[in-house]
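# Reading the structure
Residue strings, one per chain:
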Amino acid sequence: MKQVSLKALSVLAATAFVATPALAQTDAFNVAAGQTVEASRAPGEAYPDPDGLKLTDGSFEFSWDDMVGFEGPEPVELVVDLGATNDYISYAAVKVMRSDGSDVAVPNVIVSFSEDGLLWEDLGMADTVLEGEIGNDTVGTLVWSDEEWAGYGQFVRFELLPTGAGWTMVAEVQVGNGPVPADLLPEPVETAEPTEEAVNVALGRGYVIEPEASEAYPDEGGIQLTDGSYEYAWGDMVGIADPTDNPVVIVDLGEQVEGITRVAGLFMRSFASGVNLPYSIIVSVSEDGENFEVVGLAARTEPAPPMNELINSVYWQDLANPVSARYVKLDIRPRTGWLMTAEVVIQTGNAVPEVVEVEEEAEEEAGD
């Protein structure tokens, strides 16, 4: 696989009862407890949250009275004001109802953080289920957790993307600061990671992109995003200026491909030219090109942190739980300014970074 060399830069309070150590640790860990939650749209009249405290009150029974409910397919944002800056936001969870008979579906959930409630950074997707699965007519817990990729700020946003046209019913949100207690994480499942060499199965494949690229940086022949070339050069870019909607790229792999472990968009970053990386990419897969299933959020970057005046990879990766698809959709969540895309890479096997730093490359060559 082609790699781009990058120039390295130097650069509870005490309680009236005696709690067990695990319980005390969990109580202190959840910094969202008792804090105010603000929703981007009003809940249904029958399932309100009049004081903004229903989702942080510690009560999350399978009960309609314990729920804040949102009807319809429109996304809803729940923003928790933690009351103070937290420097190690390592955990975010949302407890939701599933009830097939009542048209209540489990949403997809994107977790973001902010210092001021205005500028946000996406952390990832709460796509792991604490209980293993959310059974019908139960409340389950969708979890995002990453101690290595922790957030910093006073505000945490849960962006709920409904998966149906009916109801999204939320019982509780939780935010953890610090090392994550083991009882808040799903039981680990042992899975074998792939040993096969990485293959970019998107190379040379057809795709569609919406909206169309700018006339100044067009997609000549509709091949630039899968041609294997992603040098830091304006002529190698497909550009969209100040997109008002999320640009979407759908790659047709030509046949159903098993074992997809990594999906990445490679973008230019240039502060001087008003070119920004996207916040993240929602990655979805499909067998028919019509019905897509969200598999994760590409929010990490390579290099990390991202570098200016260079190509950066924004990627989703899961070596332990590969997916299969004929069609892969990248729903790109842009910032303001230009979005300059150089390549889309979809890997199978033991995935490798699309870009490496000079020192890393030199060390690899010295070790050969």
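As shown above, the structure is provided for reference.
Everything in this summary refers to the structure shown in the same document. (Residues numbered from 1 in each chain as written. Predicted model: local features only at pLDDT ≥ 70, side-chain atom pairs only at ≥ 80, totals over all residues. Heavy atoms only, no water.)

### Describing the overall build of the protein
The following threshold applies: Going along the chain from the N terminus, every DSSP run of H or I of four or more residues is numbered as a helix, and every run of E of two or more is numbered as a strand. To sort residues, take the accessible area from a 1.4 Å probe on protein chains only and compare it with the maximum for the residue type: under 20% means buried, over 50% means exposed, and anything in between is partly exposed. Throughout, the Shrake-Rupley method with a 1.4 Å probe supplies accessible areas, and for residues the shown protein chains are the sole cover considered.
Scanning the protein for helices and strands turns up two helices and 21 strands. Expressed as a percentage of the 368 residues in the protein, the buried residues total 48%. Carbon and sulfur atoms make up 49% of the accessible area of the protein, which amounts to about 17500 Å² in all.

### Points about the pattern of salt bridges
How we decide: Criterion for a salt bridge: a side-chain nitrogen of Lys or Arg within 4 Å of a carboxyl oxygen of Asp or Glu.
This structure, assessed with the given rule, holds eight salt bridges. Two residues, Glu 121 and Arg 335, come together in a salt bridge whose shortest N-O distance is 3.0 Å. Residue Glu 121 is found in strand S6 (residues 121-125), and its partner Arg 335 is found in the loop between strand S19 (323-333) and strand S20 (338-348); the two are separated by 214 residues along the sequence. Owing to a relative accessible area of 34%, Glu 121 belongs among the partly exposed residues under this scheme. For Arg 335, a relative accessible area of 24% corresponds to the partly exposed category. With a shortest N-O distance of 3.1 Å, Arg 333 and Asp 122 are connected by a salt bridge. Placement of Arg 333 in strand S19 and of Asp 122 in strand S6 is noted, with a sequence separation of 211 residues between them. Accessibility assignment for this pair places Arg 333 and Asp 122 in one class, buried. Connected through salt bridges with shared partners, the residues Asp 122, Arg 157, Glu 159 and Arg 333 form a single ionic network.

### Looking at the packing of aromatic side chains
Rules: Ring geometry is summarised as follows: Phe, Tyr and Trp rings, the Trp one being its six-membered ring, pair when their centres sit within 6.5 Å, and such pairs are stacked at plane angles under 30 degrees, edge-to-face over 60 and tilted between the two.
Counted under the stated rule, the structure contains five aromatic pairs. Ring centres of Tyr 217 and Trp 338 lie 5.3 Å apart, and the angle between their planes is 85°; on these two criteria the pair is classed as edge-to-face. One end of the pair, Tyr 217, is in the loop between strand S12 (206-210) and strand S13 (238-241); the other, Trp 338, is in strand S20, and 121 residues separate them in sequence. By relative accessible area, Tyr 217 is classed as partly exposed at 21%. For Trp 338, a relative accessible area of 25% corresponds to the partly exposed category. Members of the aromatic cluster, connected to one another through ring pairs, are Tyr 47, Trp 64 and Trp 167.

### Quick word on the layout of surface pockets
Worth spelling out the cut-off: Using protein atoms alone on a 1 Å grid, points that fit a 1.4 Å probe yet trap it form a cavity, whereas open point sets bounded by protein on both sides within 12 Å along at least five of seven lines form a pocket; residues with an atom within 4 Å of a point count as lining. Grid points are joined across faces, edges and corners, and a volume is the space filled by probe spheres set on the points. Gly is placed with the polar residues, together with every amino acid not listed as nonpolar (Ala, Val, Leu, Ile, Met, Phe, Trp, Tyr, Cys and Pro) or charged (Asp, Glu, Lys and Arg).
Within this model, the largest pocket holds a volume of roughly 1900 Å³. The greatest single-element share of the lining of the largest pocket, amounting to five residues, is contributed by strand S16 (residues 293-298). Grouping the amino acids of the lining of the largest pocket by side-chain chemistry returns 28 nonpolar, 10 polar and 10 charged. Quantified by volume, the second largest pocket comes out at close to 500 Å³.

### A few points about the nonpolar core
Heads up, the rule is: Side-chain atoms within 4.5 Å are what join buried Ala, Val, Leu, Ile, Met, Phe, Trp, Tyr and Cys residues into a set we call a nonpolar core. For this analysis, residues touch if any pair of their heavy atoms sits within 4.5 Å.
Of all hydrophobic cores here, the largest spans 30 residues; its most connected members are Ile 260, Val 328 and Ile 346. Contributions of two or more residues to this core are made by S12, S13, strand S14 (248-269), strand S15 (280-286), S16, strand S18 (310-317), S19 and S20. Apart from the residues within four sequence positions on either side, Ile 346 is in contact with Val 199, Asn 200, Val 201, Ala 202, Val 251, Leu 253, Ile 260, Arg 262, Val 263 and Val 328. In terms of nonpolar packing, the next biggest core, distinct from the first, is built from 29 residues, Val 31, Val 94, Phe 158 and Val 173 among them.

### A few points about the pairing of S20
Which entries qualify depends on this criterion: In this analysis, strands are considered paired if DSSP registers two or more bridges between them.
Counted residue by residue, S20 has 10 buried out of 11 residues, so it is predominantly covered. Relative to S20, strand S11 (residues 199-200) runs antiparallel, the two sharing two bridges. When the sheet's bridge partners are listed, Val 199 is paired in S20 with Thr 348. As judged from the four bridges shared by S13 and S20, these two strands associate in the antiparallel manner. Across the sheet, residue Ile 240 finds its bridge partner in S20, namely Leu 339. Bridge count for S14 against S20 is seven bridges, and the pairing is antiparallel. For Val 263, the partnering residue across the bridge sits in S20 and is Ile 346.

### A short note on unusual backbone geometry
Cis geometry marks the peptide bond from Glu 210 to Pro 211; its omega dihedral reads -5°. Within the fold, Pro 211 resides in the loop between S12 and S13. Of note, the amide linkage connecting Glu 302 to Pro 303 takes the cis form, showing an omega dihedral of 0°. As for its position among the elements, Pro 303 is in the loop between strand S17 (300-302) and S18. The backbone of Glu 309 shows a phi angle near 55°, a positive value even though the residue is not glycine. Among the secondary structure elements, Glu 309 is positioned in the loop between S17 and S18. Residue Glu 309 is classed as partly exposed on the basis of its relative accessible area of 31%.

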